[in-house]
Amino acid sequence: MTSKSRPAPSSTTPAAPAASQPLGQRLSWRDLLRWLAEDGLLEPADVAETEARFAAGDSALHPLVRLGRAGLHRAGTRKSLDTEALTEWLATRAKLPYLRIDPLKVEVGRVADVMSAAYAEKNRCLPVAVGLMDVTIATSEPFDTSWVPQIESHLRKTVKLVVSNPQDVARLTTEFFTLSKSVRAAAKSGEVAGLSSFEQLVELGKSNKQLDANDQGVVQVVDWLWQYAFDQRASDIHLEPRREMGLIRFRIDGVLHTVYQLPASVMSAMISRIKLLGRMDVVERRRPLDGRIKTRNPAGEEVEMRLSTLPTAFGEKMVMRIFDPDNALKDLDQLGFGRHEAERWNQLVAQPHGIILVTGPTGSGKTTTLYSTLKRLATEEVNVCTIEDPIEMIEASFNQTQVQPGLDFNFSEGLRALMRQDPDIIMVGEIRDLETAEMAIQAALTGHLVFSTLHTNDSVSAITRLIDLGVPAYLISATVIGVLAQRLVRTLCPHCKAPDPGVTAESLNEIVKPWRLGGEIKAYKPVGCLECRQTGFRGRAGLYELLNLSEPVRQHLMPSPNMPALRRAAAQEGLRALRLGGARKVSEGVTTLEEVLRSTPNWEQ
């Protein structure tokens, strides 16, 4: 929720802009046209043409929406006067703050405590923030304030009015009150959440009522949760139980946002509902469980979600990771590969055999890179097999297998079984131990191309990691053909980013030694706007560091690894550090220097 930095009025009742607009009267398109002409935003000819067009018929649309769809332009310019622009202008006219409502920052659970849905719809208003002494209410009728004293008397709080887009007010009024109604209906269906919370064990026996996972209120809340997460571009959904309330959080562009608080019993029922749909053991709450669900987003596209539960002190916690169906179809440019890294990566994955490792911390995009690469390699002429824990995304062109620790079917056993399946390309979810590493090496030595992941800071550190696992240096030299290290950095919002004169070629070259950047520097800094929720960032892009174990590099592995010499040789063979790739994106105005420094290791360390 974002508001322009305009001083709030001393009174909730704004002064009327014209004598013909008495307080308590709703907006009309005729008054709006006249005011636009008075303020010099519309030419007289445009006013006359619009009046003639609107007079021919009536409309149930809000006057701002009707004018916003009329194709009007600001006088003397070609700048469109859409509904949002008209709303912002009207706020100035009414001497009230303008607010673009951000649903993630509205206390949805408290909306229904301020007024009823019918009252909100009747007065075209929506509570957006509830404080100790005041309540902020968005309205699309800034001069119809006759209802304000009633709310102030009912709540014993001061009402602060802000002006918002009438379409947002109407849409979110329906969504928020419907959600609140569903949560309350679900809460009335039960009082305790069973054996989900250690602290609730002493309460057993006080009530036999248990929330049903198939209760209509619970079903509606879960449906809302998923649709809302898709709308907000969330990558993960967190359902976190607390002592008295449950917390819903979304991860958007790598940052967690609190979305909603609801009764603990409702959250327990929601988790049971999701487990039921994911074919998980609904009764089992004492140990972690994994599952998956396939559904559709608002655009009708199939979306896959990976489910994971964990017992905590206050009950069962669930995280749902949302996989974008388009991720597996992205080309290297869309993933963020530079031309240099893309060419070298394509040459590497075209090799007939060997081990290719992708490294980076959790959430750095390793799975997306592997799936998009394997998707391109999985032609009708080759057999692509994977062994994963768990299977991240179901892909029809792969033969995917999931490890089953309870059945003693781990990565090494799975890899041993895959070797008998006549594979051409094998993907091992992660090399965690020596046994798995030895099986991957055996597969590479017998003519297979093997992909896998490791958790290391950079590409060269993957060699050290394999040695720490117990893999002899001569086997690493014989099988590993390349290591790709990667990170994800937030990208600047294209709508509000501003030039950053503080970032120069000298400052960038100082952090990328021993390399140097060439060309023009066009650095930008985050500002914050309505499109990015005042964060200054929207979306993420990958940074890549590709180590190609060519012959000059392999010489420094034998008889024992010389890591400093290996790093220097790799740089001479074309390796470009993660920080160098990040500095290039800074110079191109894609991200900021702070993002790069936060996300990438120092090459000299």
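For clarity, every value in this text was computed on a predicted model and none was experimentally measured.

A.B. asks: Break down the sheet that holds strand 15 (residues 425–428) for me, citing the residues and quoting the values.
C.D. replies: Reading across the sheet, the seven strands line up as 14-13-15-16-12-17-20 and stay open at both edges, with mixed pairing between neighbours. Each of the sheet's edge strands pairs with one partner strand only, and the pair in question is strand 14 (399–402) and strand 20 (537–548). Taking the axes of each pair of neighbouring strands and ignoring which way they run, one obtains an average angle of 20° across the sheet. When strand 12 (residues 354–359) meets strand 16 (residues 449–454), the two strands line up parallel, connected through six bridges. Among the inter-strand pairings, Gly354 is bridged to a residue of strand 16, identified as Leu449. Its contacts with the sheet place helix 13 (residues 366–377) against strand 12, strand 13 (384–388), strand 14, strand 15, strand 16, strand 17 (480–492) and strand 20, and it is angled at close to 170° to strand 16. Packed onto the sheet, helix 21 (residues 578–587) meets strand 17 and strand 20 and runs at close to 140° relative to strand 20.

A.B. asks: Go over empty space enclosed by the protein, please, and point to the residues and values.
C.D. replies: If you walk through the whole model with that rule in mind, you get four cavities of 30 Å³ or more. Roughly 60 Å³ of volume is contained in the second largest cavity. Lining of the second largest cavity is provided by Ile355, Leu357, Ile431, Ala437, Ala440, Ile441, Leu466, Val471, Leu475, Ile476, Thr479 and Val480. Listing elements by their share of the lining of the second largest cavity, those giving two or more residues are strand 12, helix 15 (434–445) and helix 17 (473–479). Broken down by class, the residue content of the lining of the second largest cavity amounts to eleven nonpolar, one polar and no charged.

A.B. asks: So, the pairing of strand 15: which residues are in play, and what are the values?
C.D. replies: Burial of the side chains of strand 15 extends over both faces: Ile425 and Met427 are buried on one face and Ile426 and Val428 on the other. One ladder, built from four bridges, connects strand 13 with strand 15; its direction is parallel. When the sheet's bridge partners are listed, Thr386 is paired in strand 15 with Met427. Sheet analysis places strand 15 next to strand 16, joined by four bridges and oriented parallel. The residue of strand 16 that forms the bridge with Met427 is Phe451. Handedness of the crossover is the feature at issue here: the chain leaves strand 15, passes through helix 15, returns alongside strand 16, and the resulting connection is right-handed.

A.B. asks: Any chance you could break down the pairing of strand 20 for me, citing the residues and the numbers?
C.D. replies: Counting buried residues along strand 20, nine of its twelve residues qualify, which places the element largely inside the surrounding structure. Bridge count between strand 17 and strand 20: ten bridges; the pairing is antiparallel. For Gly482, the partnering residue across the bridge sits in strand 20 and is Asn548.

A.B. asks: Can you break down the packing of aromatic side chains residue by residue, with the values?
C.D. replies: Scanning the model with the defined rule gives eight aromatic pairs in all. Through pairs of rings, three or more aromatic residues link up here, namely Trp224, Tyr228, Phe250 and Tyr260. Across from the ring centre of Phe537, 4.1 Å away, lies the NZ or CZ of Arg490, which sits over that ring. For Lys497, the ring lying beneath its charged end belongs to Tyr524, and the centroid distance is 4.7 Å.

Basis of the calculations
- Residues numbered from 1 in each chain as written.
- Predicted model: local features only at pLDDT ≥ 70, side-chain atom pairs only at ≥ 80, totals over all residues.
- Heavy atoms only, no water.
- Pairing = 2+ DSSP bridges.
- Helix = DSSP H or I, 4+ residues; strand = E, 2+ residues; numbered from the N terminus.
- Axes fitted to C-alpha atoms, helices over the stretch in contact; angles between N-to-C directions.
- Contact = heavy atoms within 4.5 Å.
- 1 Å grid on protein atoms, 1.4 Å probe; cavity = no way out; pocket = protein on both sides within 12 Å on 5 of 7 lines; lining within 4 Å.
- Points joined across faces, edges and corners; volume = space filled by probe spheres on them.
- Nonpolar A, V, L, I, M, F, W, Y, C, P; charged D, E, K, R; others polar.
- Buried < 20%, exposed > 50% of the residue type's maximum accessible area, 1.4 Å probe, protein only.
- Right-handed = clockwise from strand over helix to strand, strands pointing away.
- Phe/Tyr/Trp six-rings, centres within 6.5 Å; stacked < 30°, edge-to-face > 60°.
- Lys NZ or Arg CZ within 6 Å of the ring centre and 35° of its normal.

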